[in-house]
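Notes for the structure review
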Amino acid sequence: MNLKTFLGAMIFVAAGFIAAPVAATAAPIQTVKITAHQWAFAPSVIVVHVGRPVKFLMTSKDVTHGLASTALGIADTPISKGKISTVTFTPKKVGTYRVHCADFCGMGHGDMVLTVKVVN
Ligand SMILES: [Cu+2]
C-alpha cells in the first residue's frame, strides 16, 4: 500500500466514523395504530412530523375501508376486517390533510375522514 492509498483508506475510515452518529440520530419511525369502522377512523386526528417516516398499522372492525393520499404520499391501501394493513410514508410539507376513506363502505362513506396534521 503506497502513501496515497493509505491516506485514501484513512479518509474512508474517518468518513465512516463521522457518518455513523448522523445515521444514529435520524428520526426513528413513528408507528400509529388506526382502527377503521363505519364511518370513522380511530383516532380521527393524527399528528406527524415533516421528514420523519410514519408507519400506519391499520385494521377494520367491520367492512373493508381504505386509505390513500397523493398529497401525503400514502399509497392506496385497503383496510380489511381481521387483517393488519401497513403503509409507510414520510410527510414533506406542513399542513392539515383530510384523508377520506378510499373504499366505498356504505352510507356514511363520504364523511369518513382521517385528519393528518403535519407539523415541524
Ligand atoms: Cu369508506
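Residues numbered from 1 in each chain as written. Predicted model: local features only at pLDDT ≥ 70, side-chain atom pairs only at ≥ 80, totals over all residues. Heavy atoms only, no water.

1. Describing the packing of aromatic side chains
Selection rule: Within 6.5 Å between ring centres, the rings of Phe, Tyr and Trp (the latter by its six-membered ring) count as paired, and their orientation is classed by plane angle as stacked under 30 degrees, edge-to-face over 60, tilted in between. The numbering of helices and of strands both runs from the N terminus, where a helix is a DSSP run of H or I of at least 4 residues and a strand a run of E of at least 2.
Scanning all chains against the criterion turns up one aromatic pair. Look at Phe56 and Phe89: their rings are 5.2 Å apart centre to centre, the planes differ by 70 degrees, and that puts the pair in the edge-to-face class. Here Phe56 is found in strand β4 (residues 54-60), whereas its partner Phe89 is found in strand β7 (residues 85-89), with 33 residues between them in sequence.

2. Considering unusual backbone geometry
Trans is the common state for peptide bonds, and a negative phi is the common state for residues other than glycine. For the bond from Gln38 to Trp39, the omega torsion is 0 degrees, close enough to zero to count as cis. Examined against the element boundaries, Trp39 turns out to sit in the loop between β1 (30-37) and β2 (40-42). At the junction of Ala42 and Pro43, the peptide bond is cis and its omega measures out at -5 degrees in the coordinates. By secondary structure assignment, the location of Pro43 is in the loop between β2 and β3 (45-49).

3. Remarks on the coordination of the copper ion
To keep things clear, this is the line we draw: For Na, K and Ca the donor cut-off is 3.2 Å; for every other metal, N, O and S atoms count as donors within 2.8 Å. Water does not enter the count, which can leave sites looking incomplete. Metal sites are grouped by the angles between bound donors: all angles between 85 and 135 degrees with four donors is tetrahedral, opposite donors over 155 degrees apart with the others between 65 and 115 is square planar for four donors and octahedral for six, and any other pattern is irregular.
Note on the copper ion: its protein donors are Cys101 (SG), Asp103 (O), Cys105 (SG) and His109 (ND1). The metal-donor distances range over 2.1 to 2.5 Å. If you look at the copper ion, its four donor atoms make angles of 83 to 134 degrees with each other, and the shape they trace is irregular. Read from N- to C-terminus, the donor residues coordinating the copper ion fall into the pattern C-x1-D-x1-C-x3-H.

4. A closer look at the sheet that holds strand β9 (residues 113-119)
Just so we agree on the cut-off: DSSP bridges decide pairing: two strands pair if at least two such bridges lie between them. Axis angles are defined between N-to-C directions and span 0 to 180 degrees, where every axis is a line fitted to C-alpha atoms and, for a helix, only to the segment in contact.
With mixed pairing, the three strands of this open sheet are ordered in space as β3-β9-β8. Of all strands in the sheet, those bounded by a partner on one side alone are β3 and β8 (95-100). Within this sheet the neighbouring strands show an average axis-to-axis angle of 25 degrees, counted without direction. Where β8 meets β9, six bridges bridge the pair, whose relative direction is antiparallel.

5. Regarding the nonpolar core
Spelled out, the test is: We call a set of buried residues a nonpolar core when its members are Ala, Val, Leu, Ile, Met, Phe, Trp, Tyr or Cys and they connect through side-chain atoms within 4.5 Å of each other. For the exposure calls, accessible area comes from a 1.4 Å probe over protein chains only, and a residue counts as buried if that area is under 20% of its type's maximum, exposed if over 50%, partly exposed in between. Contact between two residues is taken to exist if any of their heavy atoms lie within 4.5 Å; hydrogens are not considered.
By size, the foremost hydrophobic cluster in this structure holds 23 residues, and its most contacted members are Ile34, Phe41, Phe56, Leu67, Leu72, Leu114 and Val116. Of all the elements in the fold, those that place two or more residues in this core are β1, β3, β4, β6 (74-79), β7, β8 and β9. Setting aside anything within four residues of it in sequence, one finds Leu114 in contact with Ile34, Phe41, Pro43, Ser44, Ile46, Phe56, Leu67, Tyr97, Arg98 and Val99.

6. Focus on the pairing of β7
Because side chains alternate across β7, one face comprises the buried residues Ser85, Val87 and Phe89, and the other comprises Thr86 and Thr88, none of which is buried. Judged from the five bridges that link them, β4 and β7 form a sheet pairing that is antiparallel. Its bridge partner being in β7, Met58 is matched across the sheet by Ser85.

7. Brief notes about the environment of Ala36
Relative to the elements of secondary structure, Ala36 occurs in strand β1. Among the residues examined, Ala36 registers a relative accessible area of 0% and is labelled buried. Distance in space between the C-alpha atoms of Ala36 and Lys81 is 8.9 Å, their sequence separation being 45 residues.

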